[in-house]
Amino acid sequence: MEILYRYFPQLSVKQVELFAQLLPLYTEWNEKINVISRKDIDSLYEKHVVHSLSISKIIDFVPQTAVLDVGTGGGFPGIPLAIMFPEVEFHLVDSIGKKINVVNEVAHELKLNNVKAEHVRAEQIDRKYDFVVSRAVTKMDELYGWVHKKIKKDPINRLPNGIITLKGGDLDEELIKFKNTVIIYDLKDYFTEEFFETKKIVYLPMSVK
Ligand code: SAM
């Protein structure tokens, strides 16, 4: 938890209490359904919570923003972002139903009324959002194909609507098609832990401000 105070000193007492509940909740659920690699549960706050919240370093979503988390698994980055932005609407989807059950349990325990978790493939969704977020699901090309028609045209945030993904490693080839539009943020510029050394936020703006 110390890492959370260090990087996000603006969190309220209520938010800190909610984040504190994540470790016991995920420890319990992970024993039943593996949603976080077992060796990672000890570094839940660094590798999952802070990593998810890194998105808030590049965008401060305004209230009523609609965000789709594609392939949320056990709720990342959607659950930490929903705690960080209580007035933003989050739709968390995954193609595996038992993972969505875990997300629903966690959201229910934390009384997060801005989270809707649904067992559905991203391609099948018929709604529009301001932003799509995603971590460790698929390459940008495929994700773009799944969601580009689901991004609203008129932006309500400071940044244009679009896709925001958390990625690692060498992205040159993956992003070649998007090289004129994509914006890459190195997480090592924000966080000093080794884990963030090669991690990046890849933002593909799509609406026009
Ligand atoms: N985003 C989570 C995280 O970072 O912890 C989970 C990542 S996990 C490696 C990838 C997830 O994407 C899996 O839970 C899988 O079921 C889901 N997934 C893959 N293709 C999908 C699709 N077309 N629609 C929705 N979910 C999908």
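Residues numbered from 1 in each chain as written. Predicted model: local features only at pLDDT ≥ 70, side-chain atom pairs only at ≥ 80, totals over all residues. Heavy atoms only, no water.

This part takes up the packing of helix α2 (residues 13-32) against helix α5 (residues 97-109). Across the interface, α2 lies against α5 with an axial gap of 11 Å and an inter-helix angle of 150°. As α2 runs across α5, the sense of the crossing is right-handed. For the pair formed by α2 and α5, the contact residues are Gln-21, Leu-22, Leu-25, Tyr-26 and Trp-29 on the first element and Val-102, Glu-105, Val-106 and Glu-109 on the second. By residue class, the composition of the contact of α2 with α5 is 6 nonpolar, 1 polar and 2 charged. (Axes fitted to C-alpha atoms, helices over the stretch in contact; angles between N-to-C directions. Helix = DSSP H or I, 4+ residues; strand = E, 2+ residues; numbered from the N terminus. Left-handed = near helix turned anticlockwise from the far one by under 90°. Contact = heavy atoms within 4.5 Å. Nonpolar A, V, L, I, M, F, W, Y, C, P; charged D, E, K, R; others polar.)

Let us now look at α2. In a regular helix each residue adds 1.5 Å, so 20 residues correspond to 28 Å; α2 covers 30 Å between its end C-alpha atoms and thus fits that length. For α2, the full list of buried residues reads Gln-15, Val-16, Leu-18, Phe-19, Leu-22, Leu-25, Tyr-26, Trp-29 and Asn-30. Contacts made by the buried residues of α2 are with α1 (2-7), α3 (44-53), α4 (78-84) and α5. (Expected span 1.5 Å × (residues − 1). Buried < 20%, exposed > 50% of the residue type's maximum accessible area, 1.4 Å probe, protein only.)

The step from Phe-76 to Pro-77 runs through a cis peptide bond, and the omega angle for that step is 5°. With respect to the helices and strands, Pro-77 occurs in the loop between β1 (66-70) and α4. Located in the positive-phi region is Gln-64, a residue other than glycine, with phi close to 75°. Position of Gln-64 relative to the elements: it lies in the loop between α3 and β1. Taking relative accessible area as the criterion, Gln-64 reaches 55% and is therefore assigned exposed. Its identity is not glycine, yet Lys-111 carries a phi of approximately 55°, on the positive side.

The next subject is the site of the ligand. Around the ligand there are 16 residues in total, and Gly-71, Phe-76, Asp-94, Glu-123 and Arg-135 lie nearest to it. Residue Gly-71 places a main-chain N or O atom 2.7 Å away from a nitrogen atom belonging to the ligand. Taken by itself the ligand offers 600 Å² of open surface, and the protein chains cover 81% of this. (Near = heavy atom within 4 Å. Polar contact = N/O pair within 3.5 Å; in protein donor to acceptor, adjacent residues only side chain to side chain. Areas by Shrake-Rupley, 256 points an atom, 1.4 Å probe, with all protein chains shown as cover.)

By the definition in use, this model includes 9 aromatic pairs. On the numbers, 5.5 Å between centres and 55° between planes, the contact of Tyr-144 with Phe-178 is tilted. Of this pair, Tyr-144 sits in helix α6 (residues 140-147) while Phe-178 sits in the loop between β5 (162-168) and β6 (183-186), placing them 34 residues apart in sequence. The class for Phe-178 is buried, based on a relative accessible area of 6%. Among the aromatic residues, those joined into a cluster by ring pairs are Tyr-7, Phe-8, Tyr-190, Phe-191, Phe-195 and Phe-196. (Phe/Tyr/Trp six-rings, centres within 6.5 Å; stacked < 30°, edge-to-face > 60°.)

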